[in-house]
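# Structure at a glance
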Amino acid sequence: MTSPTTTPHPRARTHAGTHALPAPRRRPRLIATDLDGTLLRDDKSVSERTVTALAAAEAAGIEVFFVTGRPARWMGVVSEHVHGHGLAICSNGAAVVDLHAGGRILEVRSLERATALGVIEALRREAPGTAFAMEFTTGIHHEPDYPPLSLDQALVVGPAEKLLHEDEPGTGAPLLKLLALHRELTPDGFLALARAAAGRHATITRSSPTALIEVSGLGVSKASTLALCCAERGISADEVVAFGDMPNDIEMLSWAGTSYAMGNAHPDVLAAASGRTVANNEDGVAAVIEDILSAR
């Protein structure tokens, strides 16, 4: 893939005179876009330009999938903009959600509780002071030292071991992901430490500007769940155009035939994508969709 800092793809064009936009390898059949920092502006709104572009893509026969680290219950920001299929991929690939049915979870790729406990033990040993939260299909639980969430309150607060306990194995709600927060380490430093300590047992990534990491089942990611959804539709990777801005998007951007890092993206995301568009506050996703549709 071509880094935005090197020679552009030979079929690339330039948008607004500065950003390389590679032409899709095949006629696009699906657009996969992250939300925060990508499709959404910083105030969490979807601009009128973006709404129009998404509708135009669907009208042209290109499916649009929202692929996000957000849980299903936080999808109200875009639920009215999903079209025919009604589906979104949430919790970094751990859940496929029907937004037409109020965010009902259709498929789950859970994190085993024993694996989560092993990750917690490793991080407590390697990064003392880490606080943990657990995102279940029923809502979030967290430890007392974990800061309260602005969008909703924890259902239960207590030690991680108690929150993950089941009286009988398999009787509790599925665990979608484990969250770990450190108040002193740098975001990338904490991610590297966590991967070194427990990356053999789980998928570990981050999407926050803080030292907050997200832990999913081994092999569970935005990319792997998107690949499954595409396979069900007979859509190949070369027919997918993807957008993202943070490390939890890297696998998806690498998998898609054509991918765009936002102008505000993390440096590792810029290196992974085949092209670059303008920032989320400048409607970078809409700009590319408009370019794709005009070329057709």
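### As for the packing of aromatic side chains
Enumeration according to the criterion identifies one aromatic pair in this entry. When the centroid spacing of 5.3 Å and the interplanar angle of 20° are considered together, the rings of Phe 243 and Tyr 260 count as stacked. Note that Phe 243 is positioned in strand 14 (residues 240-244) and Tyr 260 in strand 15 (residues 258-261), a separation of 17 residues in sequence. Each member of the pair, Phe 243 together with Tyr 260, is buried.

### Looking at the environment of Ala 160
Along the chain, Ala 160 falls in helix 4 (residues 160-163). Sequence separation of Ala 160 and Ala 131 is 29 residues, and the distance between their C-alpha atoms is 8.8 Å. Beyond its immediate sequence surroundings of up to four residues, Ala 160 is in contact with Ile 120, Arg 124, Phe 132, Met 134 and Glu 143.

### Details of the sheet that holds strand 16 (residues 275-276)
Strands belonging to one sheet form pairs held by backbone hydrogen bonds; the direction of such a pair is parallel or antiparallel. Ordered in space as 7-6-5-4-3-14-15-16, the eight strands form an open sheet in which the pairing is mixed. The open sheet is flanked by strand 7 (104-108) and strand 16, the only strands paired with a single partner. When strand 4 (residues 63-67) meets strand 5 (residues 87-90), the two strands line up parallel, connected through two bridges. Within strand 5, the residue paired with Val 67 across the bridge is Ile 89. With respect to the sheet, helix 2 (residues 48-59) is in contact with strand 3 (30-33) and strand 4, its orientation differing from that of strand 4 by roughly 130°.

### Some details on helix 9 (residues 284-295)
Relative to the 16 Å expected for twelve residues at 1.5 Å per residue, helix 9 spans 17 Å between its end C-alpha atoms, a close match to the ideal helical length. Listing the buried residues of helix 9 in full gives Gly 284, Val 285, Ala 286, Ala 287, Val 288, Ile 289 and Ile 292.

### A few points about the packing of helix 3 (residues 113-126) against helix 5 (residues 187-198)
Between helix 3 and helix 5, whose axes approach to 9 Å, the crossing angle comes to 125°. When the axis of helix 3 is compared with that of helix 5, the two are oblique. Crossing geometry of helix 3 relative to helix 5 is assigned as right-handed. Across the interface between the two elements, Val 119, Ala 122, Leu 123 and Glu 126 from helix 3 touch Phe 190, Leu 193, Ala 194, Ala 197 and Ala 198 from helix 5. For the contact of helix 3 with helix 5, the residue count by class is eight nonpolar, no polar and one charged.

### Looking at the side chain of Asn 248
Tracing the sequence through the fold places Asn 248 in the loop between strand 14 and helix 7 (250-255). At 2.9 Å, the side chain of Asn 248 and the side chain of Asn 92 are in polar contact. Residues contacting Asn 248, with those up to four places away along its chain left out, are Gly 69, Asn 92, Thr 205, Arg 206, Ser 207 and Lys 222.

What counts and how
- Numbering of residues begins from 1 in every chain and follows the order in which that chain's sequence is written.
- Local features in a predicted model are, by the rule used here, given only for residues with pLDDT of at least 70; side-chain atom pairs are given and counted only at 80 or more, and totals for whole chains, interfaces and linings are based on all residues.
- Each side-chain value is derived from all of the structure's non-hydrogen atoms; neither hydrogens nor water enter the calculation.
- Aromatic rings from Phe, Tyr and Trp, taking only the six-membered ring of Trp, are treated as a pair when their centres fall within 6.5 Å; an angle between ring planes under 30 degrees marks them as stacked, one over 60 as edge-to-face, and anything in between as tilted.
- Strands are runs of DSSP state E lasting at least two residues, helices are runs of H or I lasting at least four, and both sets are numbered from the N terminus onward.
- Type-normalised accessible area, obtained with a 1.4 Å probe on protein chains alone, sets the label of each residue: buried when under 20%, exposed when over 50%, and partly exposed for intermediate values.
- Residue contacts follow a heavy-atom distance rule, with two residues in contact if any of their heavy atoms lie within 4.5 Å.
- Strands are treated as partners if at least two bridges between them are detected by DSSP.
- Only the contacting stretch of a helix is used when fitting its axis, a line to C-alpha atoms as for every element, and angles between N-to-C directions run 0 to 180 degrees.
- How far a helix is expected to stretch is found by multiplying one less than its residue total by 1.5 Å.
- Oblique is the label for any angle not covered by the other classes, which are roughly parallel (under 35 degrees), roughly antiparallel (over 145) and roughly perpendicular (65 to 115).
- Whether a crossing is left-handed or right-handed is set by the direction in which the near helix is turned from the far one by less than a right angle, anticlockwise for left-handed and clockwise for right-handed.
- Residues were grouped as follows: Ala, Val, Leu, Ile, Met, Phe, Trp, Tyr, Cys and Pro as nonpolar; Asp, Glu, Lys and Arg as charged; and all remaining residues, including Gly, as polar.
- N or O atoms closer than or at 3.5 Å make up a polar contact, with two conditions inside protein: a donor-capable atom paired with an acceptor-capable one, and, for residues adjacent in sequence, both atoms drawn from side chains.

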